Amino acid sequence: MSAPLVALGDTEAGSGVRPPARRRRLRQLTTRDRVVLGVMIAIPTLIQAVFVWIPTLASIGLSFAKWDGLALSSIQGNGITNYRFVFAESPQFWPAVLHNVAWLAFLAVIGTPLGLLLAVLLDQKIRGTRIYQTIFFMPVMLSLALIGIIWELVYSQDNGLLNYLLGTSGTSRAVDWFGNSSVNLWAALVAATWRHAGYIMILYLAGLKGVDPSLREAASLDGAGARQTFFRVVFPAMAPTNVIIVVITVIESLRAFDIVYVINHGTNGLELLSVLVVQYLVGETQVIGIGSAFAVVLLVISLVPIVLYLSRTFSTKER
Amino acid sequence: MTSTTSTATAARPKDGVRDSAVARSRSKRGGNFWATYLFLTVMAVIWLIPLLWAVYTSLRPKADTDKYGYFSIAGHFDLGNYLQAWTQGGFLNYFGNSVLITIPTVILTLLFASMMAFAVSRFSWRFNVTLLIMFTAGNLLPPQVLATPLFEMFKLVQLPYWLSDSGTMLNQLFSVVAANTAFQIGFCTFVLSNYMKAIPIELSEAARVDGAGVWTQYWGIIMPLTRPALAALGTLEVIFIYNDYFWPLILIQSGNRLPITTAINNLQGEFLSNYNLLAAGAVITVIPTLVIYLALQRQFIAGLTLGANKG
């Protein structure tokens, strides 16, 4: 699924559980062992190279070219023409950027804090905490495509649950939540938050369990209230988890695709950068160069959280 | 509680001040306590509504909802929508495709990722950290970034017809397996290498002294010890791949070769204006994940948070 495939980065475990010197050097190996090890490294690396790294580089290359996607020989370089189109002429580009920003803002301001709140409440000694956790976590198991369908039943103009609850069903005031371009982005975001909050909750529950209990005791002995203890002591102590949550939230808002594609193929108010890439790929006329230029814009933006995450994870590892 | 406190205060007037302070703090905690429950329960109900609404709608015949409206309790309940959706929607075929994609992908991903993780975490060689970083980075990219060249590449590859009836890598289930495997290897390598690092190096040393080669160390010693992580990751990956919508959308052109998650799109068109059928279809699609979730919840969550608490 296009769910965020990020696990909690393990800065703690990575920070030289074994100092490199204690790991085996290749010199000590026999020739046969070296060959075996070489094959074990080569196969996954080759798969990564062929299916991930080379296509990514090819996206960059094709973004400076003109190609109809037929024969390789028909690829022609055309400089920055594609980018000029993307930034200056494409009517969908800036709306898509705006929607991606709105996506991020909504998850960052509502989805993620809600997940944190649920985690903090459920981390207390509460009866039935497992049942609550199971309920909040349930949507995380569902694909975003399916979530789009399930919420369609809630949002539908004539037969949706929401309009019944608002008492507007059947009247002219009934809103078509997924169809009306002034509300459908927010409707989709509510559905996405349904899933996102549970995901964040489970990650923060793990993070909270990792906080040394003596920190809380010390804080309450010093007379700190519950709120103070959380914001001044517990939350900063979860720094590694917080970084991952930030990265997940950013990457998830860049990866958003499935749900809008299921709703209406990402049109009419639901344009996103990821959708624009696909539109130029599956459309009637394949304009590979322009699709690739959109892909490169998405790549460059994505590299910001990725580099942040990797530098944090792997620099502590090397120390 | 209030009455006991007041009698206590009456009995021991000297301690009155302190007692009432305790009572106040206690009742305050009580207030928070109930507010927490209230909030959680309201949220839980809101969280359940979309799913319960789908289940409720799916159990009602179309004739009844047409007559009474969807927002009603009149009429009767049966499984008619499920039967109709199942036969009309071709679910068996879609589920079959999902299985044919999911199982090979998860096995291959865990196999290759564990080999790489073993090599990275148990031996030190020049580019091991660099490669691990590249693997992890690849997994974090939005798949759309590399979808176009991958599609064109699959289109250009010429395959014999006994291997692929399209003559290329397009419209083949194994291409979806390849794309998914490549995308998941990075994540699994990262998680497994963290896990394997925590296994004492002395175990490998002892095996080496006994004459065990690299493969024996990997398959005979490290892999059995990594079993908990593999189980957790395996569960997680089954859900991830089953839920993958994007790669089949791009790589598969024939509708009857789609896995269920991507085929949902078609159902929406097919069952248009029949929300009862659509709801039944959605519930049918949820069932496999829900079964896995309820049976293997612990594994799944362990997979998601693996690394946070170090295995």
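Just so it is clear, the structure is predicted and the values come from calculations on it, not from any experiment.

### A word on the overall build of chain B
Here's step 1: In terms of helices and strands, chain B carries 14 helices and one strand.
Here's step 2: Burial analysis of chain B (311 residues in total) assigns 46% to the buried set.
Here's step 3: Across chain B, every contact between residues at least 6 apart in sequence was considered, and the portion connecting residues at least 24 apart equals 72%.

### Here we look at the overall build of chain A
Here's step 1: Looking only at helices and strands, chain A has 14 helices and three strands in total.
Here's step 2: For chain A, contacts bridging at least 24 residues in sequence account for 69% of all contacts bridging at least 6.

### Section: the nonpolar core
Here's step 1: Of all hydrophobic cores here, the largest spans 175 residues; its most connected members are A:M201, A:I259, A:V260, A:V277 and A:F294.
Here's step 2: Examining the composition of this core, we find that 16 residues originate from one element, helix α8 (residues 184–209) of chain A, more than from any other.
Here's step 3: A domain split of this core shows at least three residues from each of domain 1 (2–58) and domain 2 (81–305) of chain B.
Here's step 4: Those residues within four positions of A:V277 in sequence are excluded, and the remaining contacts are A:G291, A:F294, A:A295, A:L298, B:Q144, B:A147 and B:T148.

### Looking at the interface of chain B and chain A
Here's step 1: Between chain B and chain A, the residue contacts involve 93 residues of the former and 92 residues of the latter.
Here's step 2: Considering only residue class, the side of chain B that touches chain A consists of 64 nonpolar, 24 polar and five charged.

### A short note on the environment of A:A256
Residues and elements named next belong to chain A.
Here's step 1: In this structure, A256 sits in the loop between α11 (239–255) and α12 (258–264).
Here's step 2: On the basis of neighbour counts, which here come to 27 C-beta atoms within 10 Å, the residue A256 falls in the buried class.
Here's step 3: For the pair formed by A256 and L104, sequence separation is 152 residues and the distance between their alpha carbons is 9.8 Å.
Here's step 4: Ignoring sequence-local partners within four residues, the contact set of A256 consists of W103, A192, L272 and S274.

### Looking at the packing of helix α4 (residues 80–89) of chain B against helix α14 (residues 275–305) of chain B
When two helices pack together, you describe them by how their axes are tilted relative to each other and by the distance separating the axes.
Residues and elements named next belong to chain B.
Here's step 1: For the pair α4 and α14, interaxial distance at closest approach is 9 Å and the crossing angle is 80°. One finds that α4 runs roughly perpendicular with respect to α14. In contact with N81, Y82, Q84, A85, W86 and G89 of α4, α14 contributes N276, L277, A280, G281 and I284.
Here's step 2: Of the residues in the contact of α4 with α14, the class split is six nonpolar, five polar and no charged.

### Topic: unusual backbone geometry
Here's step 1: Look at A:N268: it is not a glycine, yet its phi comes out positive at around 50°.
Here's step 2: Mapped onto the secondary structure, A:N268 falls in the loop between α12 and α13 (273–282).
Here's step 3: Here the phi dihedral of B:N171 falls at roughly 65°; this positive angle occurs in a residue that is not glycine.
Here's step 4: Relative to the elements of secondary structure, B:N171 occurs in the loop between α7 (144–156) and α8 (173–197).
Here's step 5: With 18 C-beta atoms packed within 10 Å, B:N171 lands in the partly exposed category.

### Section: the environment of B:N265
Here's step 1: With respect to the secondary-structure elements, B:N265 resides in helix α13 (residues 260–270).
Here's step 2: For the pair B:N265 and B:D210, spaced 55 residues apart in sequence, the C-alpha to C-alpha distance is 57 Å.

### With respect to the confidence of the model for chain A
Here's step 1: Predicted confidence across chain A gives a mean pLDDT of 86, with 89% of residues reaching 70 or more.
Here's step 2: In the model, residues 1–21 of chain A has pLDDT below 50 throughout and makes 71 contacts with residues more than four positions away in sequence or in other chains.

### Focus on the environment of A:I135
Here's step 1: When you line up the elements, A:I135 lands in helix α5 (residues 129–137).
Here's step 2: Linking A:I135 and A:G198, residues 63 residues apart in sequence, is a C-alpha distance of 8.7 Å.
Here's step 3: Beyond its immediate sequence surroundings of up to four residues, A:I135 is in contact with B:A44, B:W47 and B:L48.

### So, the confidence of the model for chain B
All names here are of chain B.
Here's step 1: Confidence in the prediction for chain B averages 84 pLDDT; 88% of positions are at 70 or higher.
Here's step 2: Mean pLDDT values over the elements of chain B span from 38, in helix α1 (residues 2–11), up to 95, in helix α5 (residues 91–122).
Here's step 3: Contacts for the low-pLDDT stretch residues 1–28, under 50 throughout, to residues beyond four places or in other chains number six contacts.
Here's step 4: The low-confidence segment residues 307–311, where pLDDT is below 50, has 24 contacts with residues more than four positions distant or belonging to other chains.
Here's step 5: Both scores are available for the predicted complex, with the pTM at 0.86 and the ipTM at 0.87.

What counts as what
- Residues numbered from 1 in each chain as written.
- Chains lettered and ligands numbered in written order.
- Predicted model: local features only at pLDDT ≥ 70, side-chain atom pairs only at ≥ 80, totals over all residues.
- Helix = DSSP H or I, 4+ residues; strand = E, 2+ residues; numbered from the N terminus.
- Buried ≥ 20, exposed ≤ 12 C-beta atoms within 10 Å, placed from the backbone.
- Contact = placed C-beta atoms within 7 Å.
- Core = buried A, V, L, I, M, F, W, Y, C linked by C-beta atoms within 7 Å.
- Domains from an automatic or database assignment.
- Nonpolar A, V, L, I, M, F, W, Y, C, P; charged D, E, K, R; others polar.
- Axes fitted to C-alpha atoms, helices over the stretch in contact; angles between N-to-C directions.
- Parallel < 35°, antiparallel > 145°, perpendicular 65-115°, else oblique.
- pLDDT = per-residue confidence, 0-100.

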